[in-house]
Amino acid sequence: MKFFLDTANIRDIEEAASWGVLAGVTTNPTLYAREGGTLADFHAHIERICAIVDGPVSAETVGLKRAEIVAEGVELAAIAPNVVVKVPVMPEGLAATKALAEKGIAVNMTLCFTVPQALMAARAGARYVSPFIGRFDDISEDGLEHLGNMVAALNNYDFGHDVEVIAASVRHNQHVVAAALMGADIATVPFNVLEKLVKHPLTDRGLESFLADWEKVKNA
Ligand code: E4P
């Protein structure tokens, strides 16, 4: 499984990149707004992220009609070679994805909640398909069960191009563990989850006792 960061925060992206584990970044309008982003600075902000990350950086379109989405996507893709255009699953989004894919532009279809949505995204030419987990949990449904269904369905078919599943809307470690066991290619996680993923109390306890014993060695 590859780890993506689900954020538009430059410091968090730099920190995760310094760990050597960051394979990509996903952003969305909410995440950009959270950083105080402005319309005028949007492309420059995506460019800054692309310069830090050695991997795909998803930048989301906001148009509702295919022509708008394609025009936005073409502009976003011109920012840097590692930009992936993020497009919501909907009829106009599928049409735009087809057009963008035909232009050789990689698309991440987002807001996927069902098996048919995931299959149609892949059929339309999406390079990445993003099933959301946590938002199901928020409405008392089992997001992991839905993810498992989408992964299994996508694995049944050859779409004629590479399709990777990005487990999205991740809230905690168990989402990542289950997504990995189900065979999701990527988990895109908030920075606070990435920090938790590297931690374990036994690691902390082990380190503590190694350091205490090393003190004994130094004082021997
Ligand atoms: C996916 O790429 C989205 O940016 C993201 O995972 C949404 O998650 P949320 O439910 O935490 O907003």
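In case you missed it, the structure is sitting above this.
In this text, all values refer to a predicted model and were calculated from it rather than measured experimentally.

The rules behind these values
Residues numbered from 1 in each chain as written. Predicted model: local features only at pLDDT ≥ 70, side-chain atom pairs only at ≥ 80, totals over all residues. Heavy atoms only, no water. Phe/Tyr/Trp six-rings, centres within 6.5 Å; stacked < 30°, edge-to-face > 60°. Helix = DSSP H or I, 4+ residues; strand = E, 2+ residues; numbered from the N terminus. Buried < 20%, exposed > 50% of the residue type's maximum accessible area, 1.4 Å probe, protein only. Axes fitted to C-alpha atoms, helices over the stretch in contact; angles between N-to-C directions. Parallel < 35°, antiparallel > 145°, perpendicular 65-115°, else oblique. Contact = heavy atoms within 4.5 Å. Nonpolar A, V, L, I, M, F, W, Y, C, P; charged D, E, K, R; others polar. Salt bridge = Lys/Arg side-chain N within 4 Å of Asp/Glu carboxyl O. Pairing = 2+ DSSP bridges.

A. Structural context of the packing of aromatic side chains. Summed over all chains, the structure comprises five aromatic pairs. Ring centres of Trp19 and Phe191 lie 5.8 Å apart, and the angle between their planes is 40°; this geometry places the pair in the tilted category. Taken together, the positions of Trp19 in the loop between α1 (10-18) and β2 (22-26) and Phe191 in helix α10 (residues 191-197) put the pair 172 residues apart, joining distant regions of the chain. Looking at Phe191, the relative accessible area reads 13%, which means it is buried. Ring centres 5.4 Å apart and planes at 55° place the aromatic pair Phe113 and Phe132 in the tilted group. Of this pair, Phe113 sits in the loop between β5 (107-112) and α6 (115-124) while Phe132 sits in the loop between β6 (128-131) and α7 (134-138), and the two are 19 residues apart along the sequence.

B. Broad picture of the packing of helix α5 (residues 91-102) against α6. One way to put it is that α5 packs onto α6 with a least axis distance of 8 Å and a crossing angle of 30°. In terms of orientation, α5 lies roughly parallel with respect to α6. Listed contacts from α6 to Leu94, Thr97, Lys98 and Ala101 of α5 are Met120, Ala121 and Ala124. Residue composition of the contact of α5 with α6, grouped by class: five nonpolar, one polar and one charged.

C. The pattern of salt bridges, seen in detail. Overall, the coordinates contain ten salt bridges when judged by the stated rule. Between Glu164 and Lys2 there is a salt bridge; the shortest N-O distance is 2.7 Å. Within this pair, whereas Glu164 is found in strand β7 (residues 164-167), its partner Lys2 is found in strand β1 (residues 2-6), the two being separated by 162 residues in sequence. On the basis of relative accessibility, which here comes to 12%, the residue Glu164 falls in the buried class. Judged by relative accessible area, which is 36%, Lys2 ranks as partly exposed. Where Lys86 meets Glu60, a salt bridge forms, and the shortest distance between an N and an O atom there is 3.7 Å. Of this pair, Lys86 sits in strand β4 (residues 83-88) while Glu60 sits in strand β3 (residues 57-60); the two residues are 26 residues apart in sequence, bridging distant segments of the chain. An identical accessibility class is assigned to Lys86 and Glu60; each is buried. Among the charged side chains, a salt-bridge network with shared partners connects Lys2, Arg127 and Glu164.

D. Inspection of the sheet that holds β6 at higher detail. Strand order around the closed barrel formed by eight strands is β1-β2-β3-β4-β5-β6-β7-β8, with parallel pairing between neighbours. Taken pair by pair, the neighbouring strands of this sheet meet at an average axis angle of 25°, ignoring direction. Along the sheet face, α1 touches β1 and β2 and points at about 160° away from the line of β2. Strands in contact with helix α4 (residues 66-77) are β3 and β4; relative to β4, the strand with the most contacts, it is inclined by about 160°.

E. Structural view of unusual backbone geometry. In this model, Leu111 sits at a positive phi of 65°, which is unusual for a non-glycine residue. Locating Leu111 in the fold gives a position in strand β5. Of the residues examined, Leu111 reaches a relative accessible area of 30% and is grouped as partly exposed. Even without glycine at this site, Ser140 takes up a positive phi of about 65°. You can see Ser140 is positioned in the loop between α7 and α8 (143-155). We classify Ser140 as exposed; its relative accessible area is 69%.

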